[in-house]
Amino acid sequence: MAQSTLNSMREASTGTLVVKNHLNFWGGKRVKPRQEANAEPVFEPATGRVLCQMYPCGAEEVDEAIKSAHSAYLKWSKLAGMERARVMLEAARIIRERRENIAKLEVINNGKSISEALVDIDVSWQTIEYYAGLAGALAGQHIQLPGGAFAYTRREPLGVCAGIGAWNYPFQIATWKSAPALACGNALVFKPSPMTPVTAVILAEIYKEAGVPDGLFNVVQGGAETGSLLCHHPMVAKVTFTGSVPTGKKVMEMSAKTVKQVTLELGGKSPLIIFKDCEFENAVKGALMANFLTQGQVCCNGTRVFVQRDIMPQFIEEVVRRTKAIPIGDPLLETTRMGALISKPQLEKVLGYVKEAKKQGARVLCGGEPYVPSDPTLKGGYFMSPCILDNCTDDMTCVKEEIFGPVMSILPFDTEEEVIRRANNTTFGLASGVFTRDITRAHRVAENLEAGTCFINNYNISPVEVPFGGYKMSGFGRENGQVTLEYFSQLKTVIVEMGDVESVF
Ligand SMILES: NC(=O)c1ccc[n+]([C@@H]2O[C@H](COP(=O)([O-])OP(=O)(O)OC[C@H]3O[C@@H](n4cnc5c(N)ncnc54)[C@H](O)[C@@H]3O)[C@@H](O)[C@H]2O)c1
């Protein structure tokens, strides 16, 4: 099945694909939706055409998926880490083999350029490979106690975990959540965003083909209602969530009712600080990477670009020149660097932020307009030209709120102390960046920024070996890196007496 869906991708081009297969998956197979009445159309962002229908799962379906996950968990959790690793490595191999077709499907559903989607798919198999490598290394401690007694700790899985994803990295988010979950011996029920339902089920088929027990990785489709069913279900031990701050708060609240663990990967409004002693060319490239990947719809984007006043004129000239040259258009073309935004409402929201910024006194240096490509197929697509705003101040809406579109706000600064204070003046804390050639300054700034990640002399690289996650209202818990094993497992202490019981009674 995975093969047949993906094989049809070879000939697929923008504006031609219609997805008809069922998009739910549990018990080791695709499952027909029970209620077709609540169907929601899913759009191809580059054309505005309907790609498929998304049928939200109701309580019975969610319950079935969770029960199927639980029965798989009972088998999977008893395997040795090395046995789990072998299956996961096979899944990674299959993804690598089919990377081009998976990436194409992702592009058609998400609107990002194929050059980026290929990287996302590569990151996905690397994530599974990385956690496969760690599965056999899960271990506890041995602790000696008086009188020959001792204790040891065991790192055990949590059970059935629920994953809820955003639409900007649909396949990658599903692997960032499933790979560490499965490595630790858990099962996962994953709910993708209702706007990007088509690739998570491909991952489910690949895991099955690789040899996981039926039910180990399941996909339930739906929006807020289906998500809340997962957060309330008594058999779910943990919710791992990627999305906005308001939804994250609700997820935490719902999960509290049955004391589920939660990981929250939320939004951001990250600062990128460019000092006058930077390597100029790299700083400009860094600012572009910090703002325009995936049409600016990236949680850790450095959208507040603080530039030291002395180099402001050159910086603006160069960053605007390069931004104007970004090729926008058919996301399946190799030459395209900016595709379509996820939806019409998202496009309108982003354009609304630009309008508001102008009203508040910001100057548009380039872009910020709807973009209509010359190719007639793309006339109904959700494209806009990447935008740079100058003359910004810290109190403007465009500087305070997460826009989640291709809009960079540039802010001048004079001193290090001043810029750190302004950079930290936000409720978010996902990422940050600094460009300077002064190594002591670079590390001092990194230490003082209130964010889960600080990039020094680069931006928006996220290798799987490195933990990723937020400070403040950008969330808590981590994805990637060894530490994530702790968020998908629990510690059992076993105490062993070697002598007689000393009773006080
Ligand atoms: N920190 C990260 O790793 C990261 C990565 C990607 C995106 N994001 C953030 O995600 C946001 C954009 O994604 P979005 O628009 O899909 O976010 P969203 O919060 O609207 O939705 C995220 C997911 O939550 C589900 N959901 C919505 N209401 C729910 C409810 N009441 N109960 C349970 N589930 C519910 C949605 O169906 C979707 O699957 C941005 O804020 C972005 O910064 C964060």
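Note that the structure is a prediction, hence the values are computed from the model and not measured.

## Regarding the UniProt feature "active site" (unreviewed entry) in the protein chain
Then, in step 1: In the numbering used here, UniProt assigns the "active site" (unreviewed entry) feature to E265.
Then, in step 2: With respect to the helices and strands, E265 occurs in strand β11 (residues 261-265).
Then, in step 3: Residue E265 is classed as buried on the basis of its 28 C-beta neighbours within 10 Å.
Then, in step 4: With sequence-adjacent residues up to four places away left out, E265 is seen in contact with F241, T242, G469, G470, G475 and E479.

## A look at the sheet that holds strand β5 (residues 142-144)
In sheet architecture, strand pairing relies on hydrogen bonds along the backbone and comes in two forms, parallel and antiparallel.
Then, in step 1: One open sheet holds the three strands; their spatial order is β5-β6-β20, and the pairing between them is antiparallel. Both outer strands of the open sheet, β5 and β20 (489-496), are each paired with one neighbouring strand and no more. Within this sheet the neighbouring strands show an average axis-to-axis angle of 20°, counted without direction.
Then, in step 2: By the bridge criterion, eight bridges tie strand β6 (residues 150-157) to β20 in an arrangement that is antiparallel. Along β20, the bridge assignment pairs Y152 with V494.

## Side note on the UniProt feature "domain: Aldehyde dehydrogenase" (unreviewed entry) in the protein chain
Then, in step 1: In this numbering, the UniProt entry assigns the feature "domain: Aldehyde dehydrogenase" (unreviewed entry) to residues 38-494.
Then, in step 2: Counting secondary structure, residues 38-494 comes out at 40% helix and 18% strand; the distance between its end C-alpha atoms is 50 Å.

## Notes on helix α14 (residues 416-423)
Then, in step 1: Of the positions making up α14, those classed as buried are V419, I420 and A423. Projection of α14 onto a plane perpendicular to its axis shows the buried side chains occupying an angular sector of 100°, all on one side. Of the exposed residues in α14, those oriented more than 90 degrees away from the buried face are E417, E418 and R421.
Then, in step 2: On its buried face, α14 sits against β12 (271-274), β13 (304-308), β16 (407-413) and α15 (439-448).

## Structural notes on the pairing of β16
Then, in step 1: The element β16 is largely enclosed, with a buried count of six among its seven residues.
Then, in step 2: As paired elements, β13 and β16 share five bridges and run parallel to each other. For V305, the partnering residue across the bridge sits in β16 and is I410.
Then, in step 3: The sheet contact formed by strand β15 (residues 387-390) and β16 spans three bridges and is parallel. In the strand pairing of β16, L389 is matched with S409.

## Examining the confidence of the model for the protein chain
The predicted coordinates should not be examined in detail at positions where pLDDT is low.
Then, in step 1: Taken over all residues, the pLDDT of the protein chain has a mean of 97, while the share at 70 or more is 99%.
Then, in step 2: Interface predicted TM-score (ipTM) for the complex: 0.97; the corresponding pTM is 0.97.

## Remarks on the packing of helix α4 (residues 99-110) against helix α5 (residues 114-135)
The relative placement of two packed helices is expressed as an angle between their axes plus a distance between the axes.
Then, in step 1: At a minimum axis separation of 8 Å, α4 and α5 run at an interaxial angle of 125°. Classified by the interaxial angle, the pair formed by α4 and α5 is oblique. Considering only the axes of α4 and α5, their crossing is right-handed. For the pair α4 and α5, the contacting residues are R99, I102, A103, K104, E106 and V107 in the first and I114, A117, L118, D120, I121 and D122 in the second.

## Side note on the environment of C300
Then, in step 1: Its location among the elements puts C300 in the loop between α10 (280-291) and β13.
Then, in step 2: Judged by the 26 C-beta atoms lying within 10 Å of it, C300 falls in the buried class.
Then, in step 3: Separated by 239 residues in sequence, C300 and E61 have C-alpha atoms that sit 34 Å apart.

## Brief notes about the site of the ligand
Then, in step 1: Around the ligand sit 27 residues, and of these G227, G243, T247, E265 and G267 come closest.
Then, in step 2: Put simply, the parts of the chain that give the shell around the ligand at least two residues each are α8 (224-232) and α9 (245-256).
Then, in step 3: Of all the elements, α8 adds the most residues to the shell around the ligand, at four residues.
Then, in step 4: A per-class count over the shell around the ligand returns 11 nonpolar, 12 polar and four charged.
Then, in step 5: No fewer than three residues from each of domain 1 (12-266) and domain 2 (271-456) sit in the shell around the ligand.

## What to know about the domain arrangement of the protein chain
Size of an interface: often given as the accessible area lost when the parts come together.
Then, in step 1: Parsing the protein chain into structural domains produces domain 1 (12-266) and domain 2 (271-456).
Then, in step 2: A C-alpha centroid distance of 31 Å is found between domain 1 and domain 2.
Then, in step 3: Within the residue set of the side of domain 1 that touches domain 2, elements represented by two or more residues are α4 and α5.
Then, in step 4: Class assignment for the residues of the side of domain 1 that touches domain 2 results in seven nonpolar, 10 polar and four charged.

## A short note on unusual backbone geometry
Among all residues save glycine, negative phi is the norm, and among peptide bonds the norm is trans.
Then, in step 1: Unusually for a residue other than glycine, N460 sits at a positive phi of about 60°.
Then, in step 2: In this structure, N460 sits in the loop between β18 (455-456) and β19 (475-476).
Then, in step 3: For N480, which is not glycine, the phi dihedral falls at a positive 70°.
Then, in step 4: Inspection of the secondary structure puts N480 in the loop between β19 and α16 (484-487).
Then, in step 5: We classify N480 as buried; it has 21 C-beta atoms within 10 Å.

## As for helix α6 (residues 170-183)
Then, in step 1: Taking 1.5 Å of rise per residue, the 14 residues of α6 would be expected to cover 20 Å, and the 20 Å separating its terminal C-alpha atoms lies within 8% of that figure.
Then, in step 2: For α6, the tally of buried residues reaches 14 of 14 residues, placing the bulk of the element in the interior.

## Some details on the sheet that holds β13
Then, in step 1: Strand order across the open sheet formed by seven strands is β14-β15-β16-β13-β12-β17-β18, with mixed pairing between neighbours. Unpaired on one side and paired on the other, β14 (363-366) and β18 mark the two borders of the sheet.
Then, in step 2: Pairing of β12 with β13 involves four bridges; the strand directions are parallel. Within β13, the position partnered with I273 by the bridge is F306.
Then, in step 3: Packed on one face of the sheet, helix α12 (residues 344-359) meets β14, β15 and β16 and runs near 30° to β16.
Then, in step 4: Packed onto the sheet, α15 meets β12, β17 (433-435) and β18 and runs at close to 165° relative to β17.

## Structural notes on the pairing of β15
Then, in step 1: Sheet topology note: the β14/β15 ladder contains three bridges and is antiparallel. Opposite R363, over in β15, you have D390 as the bridge partner.

Each value, and the rule that gives it
Residues numbered from 1 in each chain as written. Predicted model: local features only at pLDDT ≥ 70, side-chain atom pairs only at ≥ 80, totals over all residues. UniProt positions renumbered as here; feature names shortened; annotations may be inferred. Helix = DSSP H or I, 4+ residues; strand = E, 2+ residues; numbered from the N terminus. Buried ≥ 20, exposed ≤ 12 C-beta atoms within 10 Å, placed from the backbone. Contact = placed C-beta atoms within 7 Å. Pairing = 2+ DSSP bridges. Axes fitted to C-alpha atoms, helices over the stretch in contact; angles between N-to-C directions. Arc of directions from axis to C-beta. pLDDT = per-residue confidence, 0-100. Parallel < 35°, antiparallel > 145°, perpendicular 65-115°, else oblique. Left-handed = near helix turned anticlockwise from the far one by under 90°. Near = placed C-beta within 6 Å. Nonpolar A, V, L, I, M, F, W, Y, C, P; charged D, E, K, R; others polar. Domains from an automatic or database assignment. Expected span 1.5 Å × (residues − 1).

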